[in-house]
Amino acid sequence: MLDLFIEFFRQLAEDYPRWNFVFFHDERQWNRLLSGFYYTVWLSVACLIFSVVIGVAGAWLQGSPSRLVRSVVQGYIQFFRNTPPFVQLLFFYFALGQFTPTITAADGWTVEPIISNVGWAIVSLSFFAGAFNVEIFRAGIEAVPESTKEAASSLGFSRLQTYTEVVLPLAFRVCLPALNNNLVNLVKTTTQAIGIAVPELLYQCVGIWNDYPSALYPTMLVLFLLFILLVGVLVYSMHRWERAMRIPGYGG
Amino acid sequence: MNTTQWTPDQPIVSMRDVHKSFGNLEVLKGISLDVRKGEVICIIGPSGSGKSTLIRCINALNDIQGGSIKVEGQEVHDKNLDKLELRQKVGMVFQQYNLFPHKTALENVMMAPVKVLKEPKDEVQERALKLLKKVRLDGKEHSYPGELSGGQQQRVAIARSLAMRPDIMLFDEVTAALDPETVKEVLITIKELAQEGMTCILVTHEMGFAREIADHIYFTDRGVIVEHGPPSTFFKNATDPRTQEFLSQIL
Ligand SMILES: Nc1ncnc2c1ncn2[C@@H]1O[C@H](COP(=O)(O)OP(=O)(O)OP(=O)(O)O)[C@@H](O)[C@H]1O
Ligand SMILES: [Mg+2]
């Protein structure tokens, strides 16, 4: 069965030289594609988690009584929202990367930075998406009525307890659609990590079509399809989550 | 903090010359009143006279600019006050119920004892079920607030406050958002509570109810207490023209 599959694409490449699905009949290219896909998934998941954490924490800090704290958060949002994410990535890697400590690698004599290019990609993309998440969560938090928070205070909840037990669970439900959009964007933006040579999906695909110009169209096609798949899975799970969180008799 | 000095024969709530402003607007202009343990007092007065503000100062939801408020001998507006302790002692029920919409009736009642007082869950659950039964909501334990009527929600809110085992309950126009039929079921719940000896401070527009359950009635207008007394004399012998006018409109 698998042999038939491989044979079919080998034949296709011979008959139509522009349609060389090289990764379907060359195992090394297949592994390249696969490893790129894994990297992209792992990059996306890590950035999704960190950016949501940043969003929640930032929205909490925005309600801080300290003006200084609020200005720092505001400055962070403005910076990351108003500059191109690609430039941010380069800045993190090339500018900040110089100042981070280095460690001796496993081989005993090469020196590596403590934060690798993958690490910087995660940091940079998380902060980028996190800035939008702060705004998204803030909108959700503002939708929670003051009187509901007051009821929590009157029962002895501290500010933090009110936030985690009452405000966040309600705010989450309000902001899920907006969060959904931002996370979809984040997954697509991970391709920019190619700029600092993170071997994610786009990086591997470019590698493949540079080595096999006849594989240009097929690789692009597969690249699109894989992203549609990835984003589809994300959107589907977010919708499932949204449904599971729906409260009977509350909201739409 | 010194609570040892307070004994139950002293007022459980004592307000002295309380002043409260929102910016330039002075809302409370020297309020003094005493509530004894087990007493039920009603605060009545025209809209905007400062009734809500007054009772919200008692559990420090509002701060004050002058005077003193003591709950069980403890100054409420002391900077070093343990707010948690105060709020455990003083329960509050609001006009708009303010239940947590993402929690069932039972979870609403259990949340504060479990999360705030860190009491064991099974113990709290047993107590919560009893309280829901007491407010006649057995069978509705697992309904969400959005699935309950206004009157039912308000009774959940009362049970939620009682779950903290407060010594004093504040009620701020708790029937004002309800339709006439459901008003009664909430009032019955409050009445039972009062009869069991709970100290209650109520803001209400239900004059008949106030007359029936209050030990003492306070009439406020524009931030001052104009007149007060036990219902028997208050309703008959109101002397101040402002009180007379208010009563003539409402009765
Ligand atoms: N948070 C606030 N900020 C500014 N002004 C306020 C605030 N809360 C209340 N006020 C003002 O204080 C005054 C008294 O309000 P309060 O809510 O205590 O009146 P009330 O007697 O409870 O009236 P009602 O019967 O309508 O509930 C009003 O003029 C109101 O506009
Ligand atoms: Mg009021």
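Just so it is clear, the model here is predicted, and its values are computed rather than measured.

K.L.:
Any details on the overall build of chain A? Residues and values, ideally.
P.N.:
A tally of regular secondary structure across chain A gives 10 helices and 2 strands. Counted from the first residue to the last, chain A has its helices and strands arranged as α-α-α-α-α-β-β-α-α-α-α-α. For 252 residues, the compact-globule estimate of 2.2 N^0.38 gives 18 Å, and chain A exceeds it by more than 25% at 23 Å. If one aligns the C-alpha atoms of chain A with their principal axes, the spans along those axes are about 75 × 50 × 35 Å. Burial status across chain A gives 46% buried among its 252 residues. Element-wise, carbon and sulfur atoms account for 67% of the exposed surface of chain A, whose accessible area totals about 13400 Å². Measuring between centres, the 15 positive side-chain charges of chain A sit 13 Å from its 16 negative side-chain charges.

K.L.:
Could you give an account of a nonpolar patch on the surface, with specific residues and numbers?
P.N.:
A surface patch of nonpolar side chains, about 860 Å² in accessible area, is lined by Tyr-16, Trp-19, Tyr-217, Met-220, Leu-221, Phe-224, Leu-225 and Ile-228 of chain A. Checked against the element boundaries, Leu-221 of chain A lands in helix α10 (residues 216-245).

K.L.:
Could you give an account of the pairing of strand β3 (residues 40-44) of chain B, naming the residues involved and the relevant values?
P.N.:
All names here are of chain B. Among the 5 residues that make up β3, 5 are buried, leaving the element largely enclosed by the rest of the structure. Every second residue of β3 is oriented toward a common face, with Val-40, Cys-42 and Ile-44 on one face and Ile-41 and Ile-43 on the other, all of them buried. As paired strands, β3 and strand β8 (residues 199-203) are joined by 4 bridges and run parallel to one another. Bridged to Cys-42 within β8 is Leu-202. Bridging between β3 and strand β9 (residues 216-221) involves 4 bridges; their strand directions are parallel. Bridge pairing links Ile-41 to His-216 in β9.

K.L.:
Could you give me a rundown of the site of ligand 1, with the residues and numbers involved?
P.N.:
All names here are of chain B. Taken together, 13 residues sit near ligand 1, with Ser-47, Gly-48, Lys-51, Ser-52 and Thr-53 positioned nearest. Within the side chain of Ser-47, one N or O atom sits 2.6 Å away from an oxygen atom of ligand 1. At a separation of 2.6 Å, an oxygen atom of ligand 1 approaches a polar side-chain atom of Ser-52. In the complex, the protein chains occlude 58% of the 630 Å² of accessible area that ligand 1 would expose alone.

K.L.:
Outline the side chain of Ser-68 of chain B, listing residues and values.
P.N.:
Residue and element names in this part refer to chain B. Of note, Ser-68 is situated in strand β4 (residues 66-71). At a separation of 3.1 Å, a polar atom in the side chain of Ser-68 contacts the side chain of Glu-75. Once residues lying within four places of it in the same chain are set aside, the contact partners of Ser-68 are Ser-14, Met-15, Arg-16, Val-18 and Glu-75.

K.L.:
Now, about the packing of aromatic side chains: what can you tell me, with residues and values included?
P.N.:
All names here are of chain A. Tallying each qualifying case throughout the model produces 27 aromatic pairs over all chains. For the pair Tyr-76 and Phe-80, a centre-to-centre distance of 5.1 Å together with 55° between the ring planes defines the contact as tilted. Within this pair, Tyr-76 and its partner Phe-80 are both found in helix α4 (residues 67-82), separated by 4 residues, close to a single helical turn. Tyr-76 sits in the buried class, given a relative accessible area of 16%. Ring centres 5.8 Å apart and planes at 40° place the aromatic pair Phe-92 and Trp-120 in the tilted group. Pair noted here: Phe-92 is in helix α5 (residues 85-95) and Trp-120 is in helix α6 (residues 117-142), with a separation of 28 residues, a long-range link.

K.L.:
Before we move on, could you go through the pattern of salt bridges and cite the residues and values that matter?
P.N.:
Should the charged atoms of two oppositely charged side chains come close, the side chains can pair. All names here are of chain B. Counting across every chain of the model gives 21 salt bridges over all chains. Note that Asp-221 and Arg-242 form a salt bridge whose closest N and O atoms lie 3.5 Å from each other. With a gap of 21 residues between them, Asp-221 in strand β9 and Arg-242 in helix α9 (residues 241-250) connect regions that are remote in the sequence.

K.L.:
Talk me through helix α9 (residues 201-211) of chain A; I want residue IDs and the actual numbers.
P.N.:
Each full turn of the α-helix corresponds to 3.6 residues, which orients residues three or four apart in the same direction. For α9 of chain A, every residue scored as buried is listed here: Leu-201, Leu-202, Gln-204, Cys-205, Gly-207, Ile-208 and Trp-209 of chain A. Buried positions along α9 of chain A lie against α2 (22-25), α3 (27-62) and α10 of chain A.

K.L.:
Before we move on, could you go through the packing of α3 of chain A against helix α8 (residues 159-189) of chain A and cite the residues and values that matter?
P.N.:
Residues and elements named next belong to chain A. Close contact between α3 and α8 brings their axes to 10 Å; oriented N to C, the two are set at 135°. The angle between α3 and α8 falls in the class oblique. Of the two elements, α3 crosses α8, and the hand of that crossing is right-handed. Side by side, α3 and α8 meet where Ser-44, Cys-47, Leu-48, Ser-51, Val-52, Val-56, Ala-59 and Trp-60 of the first sit next to Arg-159, Leu-160, Tyr-163, Leu-168, Phe-172, Leu-179, Leu-183, Leu-186 and Val-187 of the second.

Procedures and definitions
- Residues numbered from 1 in each chain as written.
- Chains lettered and ligands numbered in written order.
- Predicted model: local features only at pLDDT ≥ 70, side-chain atom pairs only at ≥ 80, totals over all residues.
- Heavy atoms only, no water.
- Helix = DSSP H or I, 4+ residues; strand = E, 2+ residues; numbered from the N terminus.
- Rg over C-alpha atoms; globule rule 2.2 N^0.38 Å.
- Buried < 20%, exposed > 50% of the residue type's maximum accessible area, 1.4 Å probe, protein only.
- Areas by Shrake-Rupley, 256 points an atom, 1.4 Å probe, with all protein chains shown as cover.
- Lys, Arg positive; Asp, Glu negative; His and termini not counted.
- Charge placed at Lys NZ, Arg CZ, Asp CG, Glu CD.
- Patch = residues over 30% accessible without salt bridge, like charges linked within 9 Å, V, L, I, M, F, W, Y side chains within 5 Å.
- Salt bridge = Lys/Arg side-chain N within 4 Å of Asp/Glu carboxyl O.
- Pairing = 2+ DSSP bridges.
- Near = heavy atom within 4 Å.
- Polar contact = N/O pair within 3.5 Å; in protein donor to acceptor, adjacent residues only side chain to side chain.
- Contact = heavy atoms within 4.5 Å.
- Phe/Tyr/Trp six-rings, centres within 6.5 Å; stacked < 30°, edge-to-face > 60°.
- Axes fitted to C-alpha atoms, helices over the stretch in contact; angles between N-to-C directions.
- Parallel < 35°, antiparallel > 145°, perpendicular 65-115°, else oblique.
- Left-handed = near helix turned anticlockwise from the far one by under 90°.

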